[in-house]
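# Geometric and topological summary
Here is how the chains run, residue by residue.
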Amino acid sequence: MANPASVVVDQAFDVLIRRNFFKGVTFDAPDGDPGWFGPDSAVWYVHEHTPALVLGLFASAAIETLHPDFAWMGQQHSRGVRWVNGEPSGLDLKGLLTRAGHSYSFFMAVAYGPSHAAERVVRTVRGMHGTVRGERPDGRGYDAADPETLRWAYATVVWGIATAHERYHPHPLRGADLDVYYREFTRVGEALGGTDLPATKSDVRDCLRASIPLMGVTMPTVEFLAGLGGAVSPAPLRPALRLLQWAVLDLQPRWAQRLLRVPRSSTTSIRLRRAAMWSALNGIHYAAGPLPETRAARARVGLLTTTRLLPRPTA
């Protein structure tokens, strides 16, 4: 008999994500195709924890708003911005969830999909990047397909996913094992057009630190954080969204927290909030069980068990 909690979570996932963002992507064929990574990869292990993966994507979206090019790029091209009389007017929660849904489905497809599915979604995203170009309000141009832009965007994404994994996965990869994830994930960044990508945790940290002189808070930053904190959401959702906002800001490097003027909390307060977030994320994760997409991927490669993969010992 199916776990009732798993059924409820899976039905909610189907309504919010699967019906809208996995169209045309199948995970169960061809038999034996491991896709880009396969069941022994760190990518499969990290991406299997859906709540931590989603939190990591929100964290990467937050740090991206500190780069003025990305901030205005997102405001002028993202579905997450509400426009009134031709002017941006805060975040559109439905649009923000749409952006998150597209991002999540992409990272699941490249991780667990067969090779042809990973190649297909990468071609789609590269095509979208080719249309994202324009000017900031100060007249400076931006182009999502620019090599330096792609490199920085890659660094923020792999940093966000890996950092959320370290903090909230019940058995996280660390040290050399986590660097395996960073190295494996460069395949995605390179397929999207990135070059000279940082391939370890320390390399990614250095890449982000080197960008500090370019960083700043702009209106898109303020609007993104307000929306993430529940300012435009129904009242019953606001406590959960405020905890999500706190967790996203707590994941940021200290220099980003200083730019965002995140107040310093006591050690006890931080531990309590992290424990609450850990319980929430892992409660959802274990209540849901393996998603149909990951089960299909396992069956495709002949891995019949649904037991979660465990970290491999460091060589």
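Worth saying up front: this structure is predicted, and the values here are computed from it rather than measured.

Our next topic: the packing of helix 7 (residues 147–168) against helix 11 (residues 238–251). Helix 11 packs onto helix 7 with a crossing angle of 105° between their chain directions and a minimal axis gap of 10 Å. The angle between helix 7 and helix 11 places the two elements in the roughly perpendicular class. Taken together, the residues of helix 11 that come into contact with helix 7 (itself represented by Trp159, Thr163, Ala164, Arg167 and Tyr168) are Trp246, Ala247, Asp250 and Leu251. Class assignment for the residues of the contact of helix 7 with helix 11 results in six nonpolar, one polar and two charged.

Before going further, it helps to spend a moment on the nonpolar core. In terms of nonpolar packing, the biggest core is built from 75 residues, with Leu55, Phe106, Tyr181 and Phe185 touching the most fellow members. Considering every element that reaches this core, the biggest residue donor is helix 7, with 11 residues. Apart from residues lying up to four places away in sequence, Phe106 is in contact with Val121, Val122, Val125, Val188 and Leu192.

So, on to a nonpolar patch on the surface. Residues Val217, Met219, Val222 and Leu259 make up a contiguous nonpolar surface patch of about 320 Å² in total accessible area. Topologically, Leu259 is positioned in helix 12 (residues 254–259).

Here we take up the packing of aromatic side chains. If you walk through the whole model with that rule in mind, you get seven aromatic pairs. Taken together, a centroid distance of 5.5 Å and an interplanar angle of 25° make the contact between Tyr181 and Phe185 stacked. Residue Tyr181 and its partner Phe185 are both found in helix 8 (residues 175–191); the two are separated by four residues, about one turn of the helix. On the accessibility criterion, Phe185 (2% relative accessible area) is buried. One aromatic cluster in this structure is built from Phe106, Phe107, Tyr154, Tyr181, Tyr182 and Phe185.

Among the 10 residues of helix 10 (residues 219–228), seven are classified as buried, and the element is accordingly described as predominantly covered. Buried within helix 10 we find Pro220, Thr221, Glu223, Phe224, Leu225, Gly227 and Leu228.

We now examine unusual backbone geometry. The omega torsion of the bond from Ala29 to Pro30 falls at 0°, within 30 degrees of zero and hence cis. You can see Pro30 is positioned in the loop between helix 1 (4–21) and helix 2 (42–47). In this structure, Asp196 takes a positive phi of about 50° despite not being glycine. If you trace the backbone, Asp196 turns up in the loop between helix 8 and helix 9 (201–210). Phi is positive for Arg261, which is not a glycine, with a value near 55°. In this structure, Arg261 sits in the loop between helix 12 and helix 13 (267–288).

When charged atoms on two side chains of opposite charge get close, those side chains can pair. Per the counting criterion, the structure on display carries nine salt bridges. For Lys201, the salt bridge identified is with Glu166, shortest N-O distance 2.9 Å. Separated by 35 residues along the polypeptide, Lys201 in helix 9 and Glu166 in helix 7 bring together distant segments of the chain. Judged by its relative accessible area of 15%, Glu166 falls in the buried class. Close ionic contact of Asp250 with Arg167 constitutes a salt bridge, the shortest N to O distance being 2.9 Å. Taken together, the residues span a long stretch of sequence, with Asp250 in helix 11 and Arg167 in helix 7 at a distance of 83 residues. Taking relative accessible area as the criterion, Asp250 reaches 11% and is therefore assigned buried. Three or more residues are tied together by salt bridges with common partners; here these are Asp69, Arg136, Asp138 and Arg140.

With that settled, consider the side chain of Gln257. Within the secondary structure, Gln257 sits in helix 12. Its relative accessible area of 11% is what places Gln257 among the buried residues. Looking at Gln257, its side chain comes within polar contact range of the main-chain oxygen of Gln252, at 3.4 Å. Contacts of Gln257, omitting those with residues within four sequence positions, involve Leu249, Asp250, Gln252 and Val262.

Relative to the assigned elements, Gln75 resides in helix 4 (residues 68–77). Once the C-alpha coordinates of Gln75 and Glu223 are considered, the two residues, 148 residues apart in sequence, prove to be 9.4 Å apart.

Tracing the backbone shows Arg274 in helix 13. On the basis of relative accessible area, Arg274 is assigned to the partly exposed category, the value being 29%. For Arg274 and Leu243, which are 31 residues apart along the polypeptide, the C-alpha to C-alpha distance reads 9.5 Å. What Arg274 contacts, discounting residues up to four positions off in sequence, is Arg167, Tyr168, Trp246 and Asp250.

Rules used throughout
Residues numbered from 1 in each chain as written. Predicted model: local features only at pLDDT ≥ 70, side-chain atom pairs only at ≥ 80, totals over all residues. Heavy atoms only, no water. Axes fitted to C-alpha atoms, helices over the stretch in contact; angles between N-to-C directions. Helix = DSSP H or I, 4+ residues; strand = E, 2+ residues; numbered from the N terminus. Parallel < 35°, antiparallel > 145°, perpendicular 65-115°, else oblique. Contact = heavy atoms within 4.5 Å. Nonpolar A, V, L, I, M, F, W, Y, C, P; charged D, E, K, R; others polar. Core = buried A, V, L, I, M, F, W, Y, C linked by side-chain atoms within 4.5 Å. Buried < 20%, exposed > 50% of the residue type's maximum accessible area, 1.4 Å probe, protein only. Patch = residues over 30% accessible without salt bridge, like charges linked within 9 Å, V, L, I, M, F, W, Y side chains within 5 Å. Areas by Shrake-Rupley, 256 points an atom, 1.4 Å probe, with all protein chains shown as cover. Salt bridge = Lys/Arg side-chain N within 4 Å of Asp/Glu carboxyl O. Phe/Tyr/Trp six-rings, centres within 6.5 Å; stacked < 30°, edge-to-face > 60°. Polar contact = N/O pair within 3.5 Å; in protein donor to acceptor, adjacent residues only side chain to side chain.

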